[in-house]
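Summary of the model geometry
What follows is each chain in one-letter form.
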Amino acid sequence: MKIESLDLPDDVIRFYLDSGIEELYPPQAEAIEKGLIEGNNLLAAIPTASGKTLLAELAMLKAISKGGKALYIVPLRALASEKFDRFRSFSSVSVKPGENRGLRVGISTGDFESRDEWLGSNDIIVATSEKTDSLLRNETSWMQEITTIVVDEVHLLDSANRGPTLEVTLTKLMKLNPNCQIIALSATVGNAYEVADWLKAKLVLSEWRPTSLREGVYYGGNINFHGSQKLIDPRTNDDAVNILLDTLEEGGQCLVFESSRKNSVSFAKRAGAKVSETLDKLTRNALDELVEQIIENGETEAANELAKCVRNGTAFHHAGLNSAHRRIVEDGFRSNKIKVISSTPTLAAGLNLPARRVIIRSYRRYDPNYGMQPIPVLDYKQMAGRAGRPHLDPYGESVLIAKSYDEMAGLFDNYIDSDAEDIWSKLGSENALRTHILSTIVNGFATTRDGLLEFIEATFFAHQNDTWGIMDVVDECLDFLRDNKMLEGDEALLPTALGRLVSTLYIDPLSGAYMVDGLKKIKNPTTIGLLHLICKTPDMRQLYLRSNESEIINDIVMAHSDEFVEIPPRSKEMEYEWFLAEVKTALLLQDWVDEKPLDPITEKFNVGEGDVHAFADIAEWLMHSMSRLAGLIAPEMSTDVSNQTALLEKRIHYGASPELIELVSIRGIGRVRARKLYDNGIKTTDSIKEAGLERVSELIGPKTALKLFNEIGLHLDIRSEEPGKVNSQTMSSLMENEQSTFSDFEK
DNA sequence: GTAAGCTTAAGCTTATGGCCACCAC
DNA sequence: TAAGCTTAAGCTTAC
């Protein structure tokens, strides 16, 4: 089927022809036949890289040309940026009726800050599922104008953490805009028809790929495929390294999946020694540049380790890396400088980062309850599916590794020849229902218990199960919400001011309840006490307590015993252990706000740079929430802590002591530079002005100083103060230059 | 004969990922 | 639960 033959505006057809797309892939053609362009709902359960995005684009562009608006829901922020960048290329496409302009695209995720209402002026809006939920909770007006919804990776409905959010969000959207077209994109799962049925969507089910995929198992010196074998030269005594070297010899790149961060690091190191021998001069030089970038962007030992690997043409990738390092690794791999990435499952789903060959070094993962467990078929398929870059590789290969013949046979049966599992709604748990019941009531989707039941009947959970089974849980949730003053009334369900606030802050009602309780009880509010309060909530993630740490943390608790709201009795062992883990998490945050450098923090708590930022990120949100709650219940508190929580929120954001807050609030000044200025007597914005450009340049470097003065709106003063020193022409053009690079960086 | 280098066995340790708010320029 | 790491012992190789 030709693009030209489709019922689309000329501008759209020209856009695709110009980018070299003339013919549709078979699954895309099937989607067209099933009414994609006529506005039918559609579920496409097809492999990655088989053209899902194009499907979505065609539907969105058609809808916009008829005056509509599209919402594209993704599971990851990184994916949101990727789609946003892609859709921005439509700025040359002008299809909006009555308006002669290119398409506008907006992005909304936790780290891209744009006003929600302003966002509505775009034709396509990309958002994470949680952000979509939050926009609904805040009753964003343009939500009702959406005519096309694309749900990427809809099989995440199966995820225990995040599935319920997606499910409830979709249910709300369908209630809000009953005539909306829904395009759901999914990996191949067992019961795709069931999801399609729920969404009232036509199903496109296909295994077709633009690049063929061969799935094999390595055993006894060969990669064994169905019907063929490939001999691997045993040049080292490490099987995975041999398979990797074989790939490089053929001119391909490799993605290696490991089961833990530590393993991913050690494989990258181990492989580096051998990969290094295969590099040519040109690649070496390019890698050296990457090494420099890595060192520049890192403050910890991990950066050195990564740099060492990259110098050899290998890299590791996991959530402990900071975002700059992740990007350098991903881009370095895409541009074929880095030959191998050894990664945790971070790279399995999401980012588009294919390779000639995928090696799955471990198909087992640790589960605290059951020990090492084989991963689901779906996870395997996602990893294997990364093999083969469309249009670049002649084929893709995935390799599992077996130690015995029996294991090999088992792997063929259980993974290669198996279909992915069915997906199951996880909405039935109390944890999931508690938060979503509250938001459903707050937003008026249900005002009575019967109304709530009716809403639940429309969810995927109810599509798969009888709802009478969860009514007990629903009632428990309602009781919890009433007990904690978030709901009122028996017949009619009325949200209280507290309930509304908890819902819009997007915190678990249980977190809200803990915070309110703690705020009321706290007598001697200190940094560690307040930090512990947020670390206790289910929204905070916990650090793992190692056995030899109990004593040390216990000592700290004893020394500050009057600062904690409540300390469980030591006799309740489990509970006390939990408490110590919460305190440990609070201690990490305390080090962060006390300006401890990252390196000692990562070492002390055995985490990566990326983790520290992730902890701070969550903590900032929770501290903000607690601050807002404190404002609401102020009359009921014995001591007013609003000022303290507000200050702590800022300190967590910047990782800085109170005295630095003024300096650090200036854009471009982080905690390190602020400290340098402060220790040299420059403590406020005014004293920056007094000190002058020259003095500040000495401390933080001329470029940053210039940026800083520009930021505090002082460039005019400088010019008049030092007319002889700086040519105003050069100065202002230089600053313009700085300005643009700086805002580029911010993006 | 000795030291270095390698292999093997036993014992110990440790084990994925990542989303969400609001403010204000 | 099991894989990797560390340590120690046992063996081979090189001088």
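Quick caveat, the model's predicted, so the values are computed rather than measured.

A few words on the pattern of salt bridges. Enumeration over the complete set of coordinates arrives at 42 salt bridges. We note a salt bridge from Lys 426 to Asp 158, for which the minimum N-O separation is 3.1 Å. With Lys 426 in the loop between helix H15 (405-416) and helix H16 (430-442) and Asp 158 in the loop between strand E5 (148-151) and helix H7 (163-176), the pair connects residues that are 268 residues apart, well separated along the chain. The shortest N-O distance in the salt bridge between Asp 508 and Arg 434 comes to 3.0 Å. Within this pair, whereas Asp 508 is found in the loop between helix H20 (497-505) and helix H21 (509-521), its partner Arg 434 is found in helix H16, the two being separated by 74 residues in sequence. Here the salt bridges do not stand alone but share partners, grouping Arg 214, Lys 230, Asp 246, Glu 250, Arg 356, Arg 357, Arg 389, Asp 393 and Glu 397 into one network.

Glancing now at the sheet that holds strand E14 (residues 357-360). Taken in spatial order, the 8 strands make up an open sheet running E10-E9-E8-E17-E14-E11-E13-E12, and their pairing is mixed. Two strands close off the open sheet at either side, each with one partner strand: strand E10 (228-231) and strand E12 (314-317). Ignoring which end each strand starts from, the neighbouring axes of this sheet average 25 degrees apart. By the bridge criterion, 3 bridges tie strand E8 (residues 213-219) to strand E9 (residues 222-225) in an arrangement that is antiparallel. Counted as the bridge partner of Val 217 is Asn 224 from E9.

Moving on, we get to the pairing of strand E3 (residues 105-108). Residues Val 105 and Ile 107 of E3 are buried on one face, and the alternating residues Gly 106 and Ser 108, pointing to the opposite face, are buried as well. In terms of strand pairing, E3 meets strand E4 (residues 124-128) through 4 bridges, oriented parallel. Along E4, the bridge assignment pairs Ile 107 with Val 126.

UniProt feature "domain: Helicase C-terminal" (unreviewed entry): in the numbering of this structure it lies at residues 240-439. Along residues 240-439 the backbone is 47% helical and 15% strand, and the end-to-end C-alpha distance reaches 49 Å.

Turning to the sheet that holds strand E6 (residues 181-186), a few remarks are in order. Taken together, 7 strands build an open sheet; the order of strands is E3-E4-E2-E5-E6-E1-E7 and the sheet is parallel. Both outer strands of the open sheet, E3 and strand E7 (202-205), are each paired with one neighbouring strand and no more. Strand-to-strand twist across the sheet, computed as the mean angle between neighbouring axes with direction ignored, equals 15 degrees. Of the strand pairs in this sheet, strand E1 (residues 42-45) and E7 are connected by 4 bridges, and their pairing is parallel. Within the sheet, the bridge partner assigned to Ala 44 lies in E7 and is Val 204. Set on the sheet, helix H4 (residues 77-88) makes contact with strand E2 (70-74), E3 and E4; between it and E3 the angle comes to about 175 degrees. Running at roughly 105 degrees to E4, helix H6 (residues 129-137) makes contact with E2, E3 and E4 of the sheet.

To continue, consider the packing of helix H9 (residues 239-249) against helix H10 (residues 261-275). Packed helices, taken two at a time, are described by the angle their axes make and the gap between the axes. Remark: H9 packs on H10, axes separated minimally by 10 Å, with the N-to-C direction vectors making an angle of 50 degrees. As judged from the angle between their axes, H9 and H10 are oblique. With respect to the hand of their crossing, H9 and H10 are arranged in right-handed fashion. Counted together, Ala 240, Val 241, Leu 244, Leu 245 and Leu 248 of H9 and Phe 267, Ala 271, Lys 274 and Val 275 of H10 form the full contact between these two elements. For the contact of H9 with H10, the residue count by class is 8 nonpolar, no polar and 1 charged.

Criteria and cut-off values
- Residues numbered from 1 in each chain as written.
- Chains lettered and ligands numbered in written order.
- Predicted model: local features only at pLDDT ≥ 70, side-chain atom pairs only at ≥ 80, totals over all residues.
- Heavy atoms only, no water.
- Salt bridge = Lys/Arg side-chain N within 4 Å of Asp/Glu carboxyl O.
- Helix = DSSP H or I, 4+ residues; strand = E, 2+ residues; numbered from the N terminus.
- Pairing = 2+ DSSP bridges.
- Axes fitted to C-alpha atoms, helices over the stretch in contact; angles between N-to-C directions.
- Buried < 20%, exposed > 50% of the residue type's maximum accessible area, 1.4 Å probe, protein only.
- UniProt positions renumbered as here; feature names shortened; annotations may be inferred.
- Contact = heavy atoms within 4.5 Å.
- Parallel < 35°, antiparallel > 145°, perpendicular 65-115°, else oblique.
- Left-handed = near helix turned anticlockwise from the far one by under 90°.
- Nonpolar A, V, L, I, M, F, W, Y, C, P; charged D, E, K, R; others polar.

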